[in-house]
Amino acid sequence: MTLRRSMLFVPGSSAAMLSTAFIFKPDSVMFDLEDAVSLREKDAARLLVYRTLKMPLYDGIERVVRINPLSSPFGHDDLQAAVRGGADVIRLPKTNTADEVHELEAAVAEVERDCGREVGSTRLMAAIESASGVVNATSIATASPRIVGIALAGFDYVMDMQTTRGDGTELFYARCAVLHAARAAEIDAFDVVFPDLNDEEGFMKEVELIKRLGFNGKSLINPRQIELLHNAYAPTQEDVDYARRVVAAAEQAEADGLGVISLNGKMVDAPVVENAKRVLNRAAASGLRK
Ligand SMILES: CC(=O)SCCNC(=O)CCNC(=O)[C@H](O)C(C)(C)COP(=O)(O)OP(=O)(O)OC[C@H]1O[C@@H](n2cnc3c(N)ncnc32)[C@H](O)[C@@H]1OP(=O)(O)O
Ligand SMILES: O=C([O-])CC(=O)C(=O)O
Ligand SMILES: [Mg+2]
């Protein structure tokens with residue numbers, strides 16, 4: 001089971017953060033060349049990220065690079081550095097249409113061919129940051145077999161919608177649309193960044209909501225948020241005990257030739273058993289909640 005609960009943004013212009021972020025053990029690290037980097041620092045950041053990718057610091061952590069849009073003066077240079085550096089995933093920001101993914105896919109294949117990397121080995125991710133992106137989420141999610149996930153990017157999205165971040169009501173439709181597009185395409189779905197580092201309660205409330213909706217995880221901006229997020233996604237001992245009882249009861253029912261059965265007054269049928277197995281797999285992959 002590949003866990004993608006936490007995707008930690010690391011500004012590509014910060015040599016200090018680039019050389020230490022692995023310590024915090026996010027599931028994925030995202031070296032940013034886009035909005036965390038000022039115009040003056042774009043070239044230096046690209047070089048720093050390339051050098052970081054070439055170092056063996058991030059073994060066991062998925063390395064994502066957020067490039068600038070291909071229509072910007074930086075996008076193609078960013079892509080060269082990221083693909084040649086050996087990034088696992090390229091994250092395209094501000095994705096509005098499937099055609100932008102097709103354009104990225106073709107550009108990545110060309111760099112892969114040029115640098116001798118296996119064609120198809122670089123994965124893609126699209127960030128959806130506008131009303132058009134949300135409306136086109138399904139075609140974006142299915143635009144390329146290289147796409148491993150789509151992410152909702154809340155800050156640009158609320159700007160486009162002429163509103164601001166609040167209690168989550170403003171993101172409700174977009175979250176559901178992005179999530180359904182991802183699930184229909186059988187790829188991962190990532191929720192927005194939570195900006196207030198001191199509001200732990202607000203962060204946890206948001207995490208509970210997106211976990212309940214079905215997101216795989218969130219983009220994060222600060223290492224303090226990683227442990228909280230991983231812990232919230234980990235099953236409890238109680239969840240695991242119950243899941244084991246469900247699986248054992250289902251195996252007994254199967255041996256007895258029964259379909260649906262009841263366990264302590266609760267119906268157990270195929271999807272319930274499937275869910276119990278998922279809980280056990282997740283516990284094996286992530287450990288139990290502390
Ligand atoms: C809308 C968007 O596009 S969001 C995506 C773009 N934004 C980003 O990439 C921002 C990433 N995050 C950051 O730069 C920082 O966390 C900030 C600016 C938000 C807050 O910074 P600080 O107030 O210094 O955070 P904090 O006090 O928690 O930092 C503690 C330590 O963690 C480090 N740290 C903080 N954030 C990160 C990070 N994202 N990656 C790696 N290390 C980090 C700090 O450098 C500091 O290290 P030190 O103790 O060795 O000095
Ligand atoms: O991609 C993200 O998660 C962050 C971002 O750019 C936004 O919220 O606009
Ligand atoms: Mg953005």
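Within any chain, residue numbers begin from 1 and follow the written order of that chain's sequence. Chain A is the first chain written and ligand 1 is the first ligand written, with later ones labelled in order. Since the coordinates come from a predicted model, pLDDT governs what is reported: local features require at least 70, and pairs of side-chain atoms require 80 or more to be given and counted, while whole-chain, interface and lining totals use all residues. Only hydrogens and water are set aside; all other atoms, that is, all heavy atoms of the structure, feed into the side-chain values.

For the protein chain, an unreviewed UniProt entry supplies the name Citrate lyase subunit beta and the organism Tropicimonas isoalkanivorans. Check the Subunit (unreviewed entry) section of the UniProt entry for the protein chain; it says "Oligomer with a subunit composition of (alpha,beta,gamma)6." Among the UniProt annotations of the protein chain, the heading Cofactor (unreviewed entry) holds the following wording: "Mg(2+)". UniProt positions are given in the numbering used here, feature names are shortened, and annotations may be inferred rather than shown by experiment.

Draft legend 1. Highlighting the overall build of the protein chain. Helix and strand content of the protein chain: 12 helices and 10 strands. Only the C-alpha atoms count toward the radius of gyration. The rule for a globule is 2.2 Å times the residue count to the power 0.38. On C-alpha atoms alone, the protein chain measures out to a radius of gyration of 20 Å, which is about the 19 Å that the 2.2 N^0.38 rule sets for 290 residues. C-alpha atoms of the protein chain, sized along the principal axes, occupy 65 × 45 × 35 Å. Buried residues in the protein chain amount to 49% of all 290 residues. For the purposes of this entry, the term helix denotes a DSSP run of H or I that reaches at least four residues, the term strand denotes a run of E that reaches at least two, and both are numbered from the N terminus. Each residue's exposure class comes from its accessible area (1.4 Å probe, protein chains only) as a fraction of the maximum for that residue type: buried when under 20%, exposed when over 50%, partly exposed otherwise.

Draft legend 2. Here's a closer look at the domain arrangement of the protein chain. Domains are outlined according to an automatic or database domain assignment. As assigned here, the protein chain comprises domain 1 (6–233) and domain 2 (237–286). Summarising the inter-unit geometry, the C-alpha centres of domain 1 and domain 2 are found 35 Å apart.

Draft legend 3. Here's a closer look at the packing of helix 3 (residues 75–85) against helix 4 (residues 98–115). Closest axis-to-axis distance for the helix 3/helix 4 pair is 10 Å, and the angle between their directions is 50 degrees. Here helix 3 is positioned oblique relative to helix 4, judged by the angle of their axes. Judged by the twist between their axes, the crossing of helix 3 over helix 4 is right-handed. The residues of helix 4 that touch helix 3, namely those facing His 76, Leu 79, Gln 80, Val 83 and Arg 84, are Glu 103, Leu 104, Ala 107, Val 108, Val 111, Glu 112, Asp 114 and Cys 115. Classification convention: Asp, Glu, Lys, Arg as charged; Ala, Val, Leu, Ile, Met, Phe, Trp, Tyr, Cys, Pro as nonpolar; all other residues, Gly among them, as polar. Grouping the amino acids of the contact of helix 3 with helix 4 by side-chain chemistry returns seven nonpolar, two polar and four charged. An axis is simply a line fitted to the C-alpha atoms; with a helix, the fit covers only the stretch in contact. Between two such axes, the angle follows the N-to-C directions and lies from 0 to 180 degrees. Relative orientations are named as follows: roughly parallel for angles under 35 degrees, roughly antiparallel for angles over 145 degrees, roughly perpendicular for angles from 65 to 115 degrees, and oblique for any other angle. Left-handed describes a crossing whose near helix is turned anticlockwise from the far helix through less than a right angle; right-handed describes the clockwise counterpart. Two residues qualify as a contact provided that any one of their heavy atoms is within 4.5 Å of a heavy atom in the partner residue.

Draft legend 4. Structural view of the UniProt feature "binding site: Mg(2+)" (unreviewed entry) in the protein chain. Within this numbering scheme, the UniProt entry marks Glu 129 and Asp 156 as carrying the feature "binding site: Mg(2+)" (unreviewed entry). The greatest C-alpha distance among the residues just named is 5.3 Å, despite their covering 28 residues of sequence, which places them together in space. Within the secondary structure, Glu 129 sits in the loop between strand 5 (123–128) and helix 5 (131–135). Overall, Glu 129 belongs to the buried group, its relative accessible area being 5%.

Draft legend 5. Spatial organisation of the site of ligand 1. Residues in close proximity to ligand 1 total 16 residues, the closest being Phe 9, Arg 66, Ile 221, Asn 222 and Arg 224. Think of a polar contact as two N or O atoms within 3.5 Å of one another; within protein, one of them needs to be a possible hydrogen donor and the other a possible acceptor, and neighboring residues in sequence only count if both atoms come from side chains. Contact between ligand 1 and Ile 221: a nitrogen atom at 2.7 Å from a main-chain N or O atom of the residue. Taken by itself ligand 1 offers 950 Å² of open surface, and the protein chains cover 55% of this. In terms of residue count, the dominant contributor to the shell around ligand 1 is strand 1 (residues 6–11) (four residues). Grouping the constituent residues of the shell around ligand 1 by class yields 12 nonpolar, one polar and three charged. Near is defined per residue: the residue qualifies when any heavy atom it owns lies within 4 Å of the molecule or strand. Shrake-Rupley sampling with a 1.4 Å probe provides the accessible areas, and residues are treated as covered by the protein chains on show and by no other component.

Draft legend 6. Broad picture of unusual backbone geometry. Despite not being glycine, Gln 162 shows a phi value in the positive range, around 60 degrees. Within the secondary structure, Gln 162 is located in the loop between helix 7 (154–160) and helix 8 (172–185). In this model, Glu 186 sits at a positive phi of 60 degrees, which is unusual for a non-glycine residue. Mapped onto the elements of the fold, Glu 186 is located in the loop between helix 8 and strand 7 (188–191).

Draft legend 7. Geometry of the site of ligand 2. In the vicinity of ligand 2, the residues found are Phe 9, Arg 66, Arg 91, Glu 129, Ala 153, Gly 154, Phe 155, Asp 156, Val 193 and Ser 219. Contact between ligand 2 and Arg 66: an oxygen atom at 2.7 Å from a side-chain N or O atom of the residue. The contact in question runs from an oxygen atom of ligand 2 to an N or O atom on the backbone of Gly 154, over 3.2 Å. Within the complex, the protein chains bury 94% of what would otherwise be the 260 Å² of accessible surface of ligand 2. In terms of residue count, the dominant contributor to the shell around ligand 2 is helix 7 (three residues). Considered class by class, the residues forming the shell around ligand 2 number four nonpolar, two polar and four charged.

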